[in-house]
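Chain by chain, the residues run as shown.
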Number of protein chains: 2
Amino acid sequence: MDAEVIKRSLQSSGLRCTAPRYAMMAFLTDHKGHPTAAEIFKAVNRVDPRSSRATTYNNLRDLVKAGLVREVAVEGRAGRFDLEGMRHHHFVCDRCGNVEDVDWYDVPQPASHSLGKRVVRECQLIFRGLCAKCAQRAPR
Amino acid sequence: MDAEVIKRSLQSSGLRCTAPRYAMMAFLTDHKGHPTAAEIFKAVNRVDPRSSRATTYNNLRDLVKAGLVREVAVEGRAGRFDLEGMRHHHFVCDRCGNVEDVDWYDVPQPASHSLGKRVVRECQLIFRGLCAKCAQRAPR
DNA sequence: CCCTATATTAGATATAATCTAAATCATTCA
DNA sequence: TGAATGATTTAGATTATATCTAATATAGGG
Ligand SMILES: [Mn+2]
Ligand SMILES: [Mn+2]
Ligand SMILES: [Zn+2]
Ligand SMILES: [Zn+2]
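Residues numbered from 1 in each chain as written. Chains lettered and ligands numbered in written order. Predicted model: local features only at pLDDT ≥ 70, side-chain atom pairs only at ≥ 80, totals over all residues. Heavy atoms only, no water.

1. What to know about the sheet that holds strand β5 (residues 119-130) of chain B
As summarised here, the arrangement of the six strands in space is β4(A)-β3(A)-β5(A)-β5(B)-β3(B)-β4(B), forming an open sheet in which the pairing is mixed. Of all the strands in the sheet, just β4 (99-103) of chain A together with β4 (99-103) of chain B have a single pairing partner and so form its edges. Across the sheet, the axes of successive neighbouring strands diverge by a mean angle of 35 degrees, strand direction being ignored. Pairing between strand β3 (residues 88-93) of chain A and β4(A): five bridges, direction antiparallel. Residue pairing in the sheet places His89(A) in a bridge with Val102(A) of β4(A). (Pairing = 2+ DSSP bridges. Helix = DSSP H or I, 4+ residues; strand = E, 2+ residues; numbered from the N terminus. Axes fitted to C-alpha atoms, helices over the stretch in contact; angles between N-to-C directions.)

Here's what the structure looks like:
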């Protein structure tokens, strides 16, 4: 019963379990492909066509702030989202913009003097280049 | 004579040394604060008010492709740019969006089997949280 | 079952980036 | 030096992405 898990994870973050929020979390649980906000919006509305773009963005913001969801910013394109489940890194394709998971491995922290008074919330390791599919196609 | 350095670095990348390109590189050399495309556009036009937004974006794209400039994507905000000079990592402030440099240290590569047929061009380590200034201000 | 802080909604607005096709320019080579 | 030419630039329109607004609805505690 995944439903209970989602409900509890929302509530334990101080977020009400609303229909749009639940639908977004359920969608992200089932679709590991790093969807954009627009894709999440469309998917949620296919089920129950009443949600608003504003709600999608508001909720993504809140879910990221609560640590349930992670955003991967992609230059010149819409940001991509995924569940903060098992730790992993990311690979972003220069050509097609796809975001793919890379197995987790530990990354050393910076020397504390080089962070100064900054407060670190998270640390993302992002690889860029050509995904397997794009690497095979002709260059340029 | 910085001018010659810029000119040569452009040409050795197969890029003509044009006025807008030169001005952009000079501006990035002098301003280490990770400006946005809009800021670069404005700065270049203050000197010689003839450049176009399209040229700014085109050139940033080409300079990144040539490896002379790096882009840091920031969720929900304009991307930030800096020169690929001394290697370093980045810190992005959740609240004010500022991008700051973090001293370089070596990051281990992923196991090659976990990259598969992907071709890695670069690897970015990005920290997120509150910058020193924002960390001091009241929370929320 | 009520109450109310929290959340949602439609649509307008703001911001960021790309596209177009005509004009210009940097570089090469005779 | 003086074409020739492919790369580059340009203004402005267009698209893509994200946020704002203020009226309405609802989750969840009491
Ligand atoms: Mn992921
Ligand atoms: Mn930097
Ligand atoms: Zn690809
Ligand atoms: Zn800050």
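2. Here we look at the coordination of the manganese ion (ligand 1)
Residue and element names in this part refer to chain A. Protein coordination of the manganese ion (ligand 1) is provided by His-34 (NE2), Asp-82 (OD), His-88 (NE2), His-90 (NE2) and Asp-101 (OD), with donor distances spanning 2.0 to 2.2 Å. Written as a sequence motif, the donor residues of the manganese ion (ligand 1) are H-x47-D-x5-H-x1-H-x10-D. Each member of the pair His-88 and His-90 is classed as buried. (Donors = N, O, S within 2.8 Å, 3.2 Å for Na, K, Ca; no water. Buried < 20%, exposed > 50% of the residue type's maximum accessible area, 1.4 Å probe, protein only.)

3. Here's the deal with the coordination of the manganese ion (ligand 2)
At the metal site, the manganese ion (ligand 2) is ligated by His34(B) (NE2), Asp82(B) (OD), His88(B) (NE2), His90(B) (NE2) and Asp101(B) (OD), and these contacts range over 2.0 to 2.2 Å. Of note, the donors binding the manganese ion (ligand 2) are all from one chain and are spaced H-x47-D-x5-H-x1-H-x10-D.

4. Focus: the protein's contact with DNA strand D
Around DNA strand D, the structure places 20 residues, and the nearest of them are Cys17(A), Arg16(B), Thr18(B), Arg21(B) and Thr55(B). Counting only atoms of DNA strand D within 4 Å of the protein, the fraction found in sugar and phosphate groups is 70%. Within the contact set of DNA strand D, a phosphate oxygen lies 2.9 Å away from a side-chain nitrogen or oxygen of Gln11(A). Note that a phosphate oxygen of DNA strand D is positioned 2.8 Å from one of the side-chain N or O atoms of Arg21(B). Among the elements of the structure, α4 (53-65) of chain A together with α2 (19-30) and α4 (53-65) of chain B are those that each provide at least two residues to the surface near DNA strand D. Residue contributions to the surface near DNA strand D peak at four residues, all from α4(B). (Near = heavy atom within 4 Å. Polar contact = N/O pair within 3.5 Å; in protein donor to acceptor, adjacent residues only side chain to side chain.)

5. Describing the domain arrangement of chain A
Residue and element names in this part refer to chain A. Assigned domains within chain A: domain 1 (3-83) and domain 2 (88-137). Centre-to-centre separation of domain 1 and domain 2, based on C-alpha positions: 21 Å. Listed as interface residues are eleven residues of domain 1 and, on the opposing side, 15 residues of domain 2. Counting every contact that joins domain 1 to domain 2 gives one salt bridge. The partner of Arg-128 in a salt bridge is Glu-75, and the shortest N-O contact between them spans 2.7 Å. The tally of links between domain 1 and domain 2 comes to eleven residue pairs in polar contact (both at pLDDT 80 or more). Where the side of domain 1 that touches domain 2 is concerned, the elements lending two or more residues are β1 (69-72) and β2 (80-83). Considering every element that reaches the side of domain 1 that touches domain 2, the biggest residue donor is β1, with three residues. (Domains from an automatic or database assignment. Contact = heavy atoms within 4.5 Å. Salt bridge = Lys/Arg side-chain N within 4 Å of Asp/Glu carboxyl O.)

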